[in-house]
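These are the residues of each chain, in order.
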Amino acid sequence: MGSAKKSNSAERKARIEEMRRAEQARERRGRILTIAASVVVVAGLVVGGVVLVKKQSGDDSAAADAKTSGHFVAGKDGVNTWKGTLGRTHVTTTVHYPTEPPVGGNHNPVWQNCNGDVYTKAIDNMNAVHALEHGAVWVTYTSKAKKADVDALAAKVKQTPYTLMSPDDKQKDPIMMTAWAHQRTVTGADDPNVGKFLEEFVQGKQTPEPGAACTGGKGQ
């Protein structure tokens, strides 16, 4: 049983590393294409800018009306799972989420960088939710969390692709972990549930867009 778990863990790590390499290759290709196409893009924007702005404004208004519905169901393992609908529309208008931190829903078109990124200031929920959509696990903490725990968790996040960490004084517990449609509270950095949550939900089965980028988005 132990060897099977080690094998699964090794396979997951290998898959994530392969995704990271593919993502870096995509970024290099993207930079080349961006430079080559810049003149064409600018010309297109000049011609169609007014129409695009009007259309985008209308799309955002419609998307903002698509509300997330449902509720948490508590599992015996301590993980709360969202049962219901989680919107996945890209919007630029403000989204008010029913949970803090949010576990999904409509979100900003730009994802929060989540390649083991540790933020020392609160981040925008709308960007963080986009990172969750890409299969990231988001570690959050309040001012009540012990500094030793915060430091230890930050070190763990920095070593784990598809994770991010930030303070959130609006949440109910000192330390929480969130993935798309899943969330739990942990007691500290040495809580075994930290590793279990990361193992299950980093690029886990719940991921709406597995393998999507966790770099090239929004930083602090």
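Note that the structure is a prediction, hence the values are computed from the model and not measured. (Residues numbered from 1 in each chain as written. Predicted model: local features only at pLDDT ≥ 70, side-chain atom pairs only at ≥ 80, totals over all residues. Heavy atoms only, no water.)

Draft legend 1. Looking closely at the overall build of the chain. Looking only at helices and strands, the chain has four helices and seven strands in total. Beginning at the N terminus, the succession of helices and strands in the chain can be written as α-β-β-β-α-β-α-β-β-β-α. Split into buried and exposed, the 220 residues of the chain put 42% on the buried side. Put simply, of all contacts in the chain between residues at least 6 apart along the chain, 69% involve residues at least 24 apart. If you sum the accessible surface of the chain, you get close to 12,300 Å²; carbon and sulfur atoms cover 58% of it. (Helix = DSSP H or I, 4+ residues; strand = E, 2+ residues; numbered from the N terminus. Buried < 20%, exposed > 50% of the residue type's maximum accessible area, 1.4 Å probe, protein only. Contact = heavy atoms within 4.5 Å. Areas by Shrake-Rupley, 256 points an atom, 1.4 Å probe, with all protein chains shown as cover.)

Draft legend 2. Structural view of the pairing of strand β6 (residues 175-179). Judged by how many residues are buried, β6 sits mostly within the fold: five of five residues are covered. Here β6 shows two buried faces, one formed by Ile 175, Met 177 and Ala 179 and the other by Met 176 and Thr 178. Here strand β4 (residues 137-141) pairs with β6 via four bridges, running antiparallel. Each bridged residue has a counterpart across the sheet, and for Val 139 the counterpart in β6 is Met 177. By the bridge criterion, four bridges tie β6 to strand β7 (residues 182-185) in an arrangement that is antiparallel. Within β7, the position partnered with Met 176 by the bridge is Thr 185. (Pairing = 2+ DSSP bridges.)

Draft legend 3. A look at the packing of aromatic side chains. Tallying each qualifying case throughout the model produces two aromatic pairs. An angle of 85° between the planes, with centres 5.3 Å apart, marks the rings of Phe 72 and Trp 82 as edge-to-face. Residue Phe 72 is located in strand β1 (residues 69-74), and its partner Trp 82 is located in strand β2 (residues 80-85); the two are separated by ten residues in the primary sequence. Taking the relative accessible area as the measure of exposure, Trp 82 reaches 10% and is therefore buried. (Phe/Tyr/Trp six-rings, centres within 6.5 Å; stacked < 30°, edge-to-face > 60°.)

Draft legend 4. Structural context of the pattern of salt bridges. Throughout the structure, instances matching the rule amount to four salt bridges. Because the salt bridges share partners, they merge into one network encompassing Arg 88, Glu 133 and Glu 209. (Salt bridge = Lys/Arg side-chain N within 4 Å of Asp/Glu carboxyl O.)

Draft legend 5. Structural context of helix α2 (residues 125-133). Taken across its nine residues, α2 has nine buried, putting it largely inside the fold. Those residues of α2 not exposed but buried are Asn 125, Met 126, Asn 127, Ala 128, Val 129, His 130, Ala 131, Leu 132 and Glu 133. Of the residues that open α2, the one with a side-chain oxygen 2.8 Å from the backbone nitrogen of Met 126 is Asp 124. After α2 finishes, the residue Gly 135 shows a positive phi value of roughly 95°. (Polar contact = N/O pair within 3.5 Å; in protein donor to acceptor, adjacent residues only side chain to side chain.)

Draft legend 6. Region of the structure containing the confidence of the model for the chain. Averaged over the chain, the pLDDT score is 83; the fraction of residues at 70 or greater is 72%. Here helix α1 (residues 2-64) stands out as the least confident element of the chain, with mean pLDDT 51; β4 is the most confident, with 99. A low-confidence stretch, residues 32-66 stays under pLDDT 50, and its non-local contacts, those more than four residues away or across chains, total twelve contacts. (pLDDT = per-residue confidence, 0-100.)

Draft legend 7. View of unusual backbone geometry. Cis geometry is adopted by the peptide bond preceding Pro 101, which originates at Glu 100 and carries an omega value of -5°. Even without glycine at this site, Ala 181 takes up a positive phi of about 70°. The exposure class assigned to Ala 181 is buried, which follows from its relative accessible area of 11%.

Draft legend 8. Seen up close, the sheet that holds strand β5 (residues 163-167). Taken in spatial order, the seven strands line up as β1-β2-β7-β6-β4-β5-β3 in an open sheet, and their pairing is mixed. Of all the strands in the sheet, the pair left with one neighbour each is β1 and β3 (115-118). On average, each strand axis in the sheet is tilted by 20° relative to the strand beside it, whichever way the strands run. Against the sheet, α2 engages β4, β5 and β6, with an angle of about 140° to β4. (Axes fitted to C-alpha atoms, helices over the stretch in contact; angles between N-to-C directions.)

Draft legend 9. Region of interest: the pairing of β2. Judged from the six bridges that link them, β1 and β2 form a sheet pairing that is antiparallel. The residue bridging Val 73 from the neighbouring strand is Thr 81, located in β2. Taking the residues that link successive antiparallel strands as the turn, the β1-β2 hairpin has five residues, and the phi of Gly 78 there is positive, at about 90°. In this sheet, β7 lies alongside β2 in antiparallel orientation, the contact comprising two bridges. Within β7, the residue paired with Thr 81 across the bridge is His 182.

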